[in-house]
Amino acid sequence: MVNEESTSTSYWDNNNGGNNNDQGDFECNICFELAQDPIVTLCGHLFCWPCLYRWLHYHSHSQECPVCKALVQDDKLVPLYGRGKNQTDPRLKRYPGLQIPERPTGQRPETAGPPPQPEAASNLFNFGIGLMGGFMPMATTRIGNFSMGFGGLLPSLFNFQFHGFPDATLYGSAPGYPYGGYHNGFRGVPPHGQERPMAREGNQFDANLKNLLLIVGICVVLFLIL
Amino acid sequence: MTSSPSPSRKALSKIACNRLQKELSEWQVNPPTGFKHKVTDNLQKWIIEVTGAPGTLYANETYNLQVEFPQHYPMESPQVIFVPPAPLHPHIYSNGHICLDILYDSWSPAMTVSSVCISILSMLSSSPEKQRPTDNDRYVKNCKNGRSPKETRWWFHDDKV
Ligand SMILES: [Zn+2]
Ligand SMILES: [Zn+2]
């Protein structure tokens, strides 16, 4: 009891005494305030965007990080987007009367994509559920979904039966489009990259029509077994 | 007190003011070794007492630094000079001007009064002999009328001292 109390007391003491360290990690290295429109250089130093811009473009003779002198390139700056605040009130501009352009935006790498393909058994399970859920929409959509869906199923289950399969890309080997994504569409949920799978499906539709009939047959058999 | 800013000097901007207040309170918590801030009510001009580091040519000697801040500090460097009598040093002129790159071309807004002070003390400490710069008389004559060292075109030719 006593120990606990003294600990919490010293915590508050620290908090009040070391007042300048609470936000220390988020202070601009130029104005020493909590960074406004925060931006980080490649070398990891934090600034207000207006402070850094003003230094580099109005005062400095070089493009160096003020802290460590590393080269600063505009296209390598990373903005920090915290929560709950979108835009700085223009009335609170740090340098009124100076032309400061918009802060550089973040560079957004592609999304990581769905998790890796599950085992064949769970694939089959998804397939079955999806098929039932997917029967309701219009026929064309159903066929589209269907052909996309079985691409995920086929390699693991029927590889050996289709040696001369006409289009290898149907297997979903194209990077960035793992099988999991097709299951999404299969359940009637709009897939993320709608245009791409649809377009691909269109190209292959004729070529696959014959196979499709074959596979519908297989699936019916499969259903009966299940 | 000599606290009124020189007439030519513009008042500190709000950002400069806020930053200097932060620097001052940090200084009060954690002053650089060998330095004492002489308290005045003038945020724009600090007088700082320096004591030479033990074991160096300037051990136990004390000098006064005057640090004046421009309107747009820290985008612009402070003007730092020794209040005469200035220490005898190959990079310090008899009028108190200091030939030190970080005060001019190599200034960075991430530097502080405290870091500048440390640089000056290290410059003093590394001096091999007590003497004036070779061009002292010529330079000081050119600086009549209280010209700021920031208007000098410095040529930093010697990195050893
Ligand atoms: Zn800032
Ligand atoms: Zn840096």
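Conventions and cut-offs
Residues numbered from 1 in each chain as written. Chains lettered and ligands numbered in written order. Predicted model: local features only at pLDDT ≥ 70, side-chain atom pairs only at ≥ 80, totals over all residues. Heavy atoms only, no water. Donors = N, O, S within 2.8 Å, 3.2 Å for Na, K, Ca; no water. Tetrahedral: all angles 85-135°; square planar, octahedral: opposite > 155°, others 65-115°. Buried < 20%, exposed > 50% of the residue type's maximum accessible area, 1.4 Å probe, protein only. Helix = DSSP H or I, 4+ residues; strand = E, 2+ residues; numbered from the N terminus. Pairing = 2+ DSSP bridges. Core = buried A, V, L, I, M, F, W, Y, C linked by side-chain atoms within 4.5 Å. Contact = heavy atoms within 4.5 Å. pLDDT = per-residue confidence, 0-100. Buried area = accessible area lost by both parts, 1.4 Å probe. Salt bridge = Lys/Arg side-chain N within 4 Å of Asp/Glu carboxyl O. Polar contact = N/O pair within 3.5 Å; in protein donor to acceptor, adjacent residues only side chain to side chain. Nonpolar A, V, L, I, M, F, W, Y, C, P; charged D, E, K, R; others polar. Axes fitted to C-alpha atoms, helices over the stretch in contact; angles between N-to-C directions.

### Regarding the coordination of the zinc ion (ligand 2)
Residues and elements named next belong to chain A.
Moving on, step 1. Every protein donor of the zinc ion (ligand 2) is listed here as Cys-43 (SG), His-45 (ND1), Cys-65 (SG) and Cys-68 (SG), and their distances to the metal cover 2.0 to 2.3 Å.
Moving on, step 2. Seen from the zinc ion (ligand 2), its 4 donor atoms lie at angles of 100 to 116 degrees, and the figure they make is tetrahedral.
Moving on, step 3. Counting the intervening residues between successive donors of the zinc ion (ligand 2) yields the motif C-x1-H-x19-C-x2-C.

### Notes on the pairing of strand β2 (residues 45–51) of chain B
Residue and element names in this part refer to chain B.
Moving on, step 1. Where burial is concerned, most of β2 is hidden: 5 out of the 7 residues are buried.
Moving on, step 2. Both strand β1 (residues 35–38) and β2 contribute to a ladder of 4 bridges, which runs antiparallel. Across the sheet, Phe-35 pairs through a bridge with Val-50, a residue of β2.
Moving on, step 3. Here β1 hands over to β2 after 6 residues, the two strands then running antiparallel side by side.
Moving on, step 4. Bridge analysis of β2 against strand β3 (residues 62–68) gives 7 bridges, and the strand direction is antiparallel. When the sheet's bridge partners are listed, Trp-46 is paired in β3 with Val-67.

### A look at the nonpolar core
All names here are of chain B.
Moving on, step 1. With 62 residues, the main nonpolar core has Trp-46, Ile-48, Leu-65, Phe-82 and Ile-98 as its most contacted residues.
Moving on, step 2. Among the elements that line this core, the one with the most residues is helix α2 (residues 113–125), at 7 residues.
Moving on, step 3. When neighbours within four sequence positions are excluded, Trp-46 is seen to be in contact with Leu-20, Glu-23, Leu-24, Trp-27, His-37, Leu-65, Gln-66, Val-67, Phe-69 and Val-113.

### A look at the coordination of the zinc ion (ligand 1)
Residue and element names in this part refer to chain A.
Moving on, step 1. Taken together, Cys-28 (SG), Cys-31 (SG), Cys-48 (SG) and Cys-51 (SG) make up the full set of protein donors to the zinc ion (ligand 1), lying 2.2 to 2.4 Å away.
Moving on, step 2. With 4 donor atoms in place around the zinc ion (ligand 1) and angles of 107 to 113 degrees between them, the coordination shape is tetrahedral.
Moving on, step 3. Mapping the donors of the zinc ion (ligand 1) onto the primary sequence gives the spacing C-x2-C-x16-C-x2-C. Taken together, the positions of Cys-31 in the loop between α1 (2–17) and β1 (38–40) and Cys-51 in helix α2 (residues 49–59) put the pair 20 residues apart, joining distant regions of the chain.
Moving on, step 4. The buried category is assigned to Cys-51, whose relative accessible area is 0%.

### Notes on the confidence of the model for chain B
Residues and elements named next belong to chain B.
Moving on, step 1. Mean pLDDT over chain B stands at 91; residues scoring 70 or higher make up 92%.
Moving on, step 2. In this model, residues 1–5 is a region of pLDDT below 50 whose contacts with residues beyond four sequence positions or in other chains number 9 contacts.
Moving on, step 3. With pTM at 0.64, the complex prediction returns an ipTM value of 0.89.

### So, the interface of chain B and chain A
Moving on, step 1. Between chain B and chain A, the contact holds 16 residues from the first and 16 residues from the second.
Moving on, step 2. In total, chain B and chain A occlude about 1500 Å² of area from one another, counting both sides; carbon and sulfur atoms represent 63% of this.
Moving on, step 3. Together, Ile15(B), Lys22(B) and Met75(B) form the three largest contributors to the area buried by chain B at its contact with chain A, with a combined 41%.
Moving on, step 4. For the interface between chain B and chain A, the tally reads 1 salt bridge.
Moving on, step 5. Taking the shortest distance from any N to any O, the salt bridge between Lys22(B) and Glu27(A) comes out at 3.4 Å.
Moving on, step 6. The interface formed by chain B and chain A includes 6 residue pairs in polar contact (both at pLDDT 80 or more).
Moving on, step 7. Of the residues assigned to the side of chain B that touches chain A, the class counts are 6 nonpolar, 5 polar and 5 charged.

### Here we look at the pattern of salt bridges
Residue and element names in this part refer to chain B.
Moving on, step 1. Within the structure shown, the criterion is met by 7 salt bridges over all chains.
Moving on, step 2. Between Lys-130 and Glu-61 there is a salt bridge, and its shortest N-O distance comes to 2.3 Å. With a gap of 69 residues between them, Lys-130 in the loop between α2 and α3 (136–142) and Glu-61 in the loop between β2 and β3 connect regions that are remote in the sequence.
Moving on, step 3. Connected through salt bridges with shared partners, the residues Lys-36, Lys-38 and Glu-49 form a single ionic network.

### Details of the sheet that holds strand β4 (residues 79–83) of chain B
Residue and element names in this part refer to chain B.
Moving on, step 1. Read across the open sheet, the 4 strands follow the order β1-β2-β3-β4; overall the sheet is antiparallel. The outermost strands of the open sheet, each flanked by one partner alone, are β1 and β4. Mean inter-strand twist for the sheet, computed between neighbouring axes without regard to direction, equals 30 degrees.
Moving on, step 2. Contacts from helix α1 (residues 14–29) reach β1 and β2, with the element oriented near 30 degrees to β2.
Moving on, step 3. Against the sheet, α2 touches β1, β2, β3 and β4, its axis set at about 35 degrees to β2.

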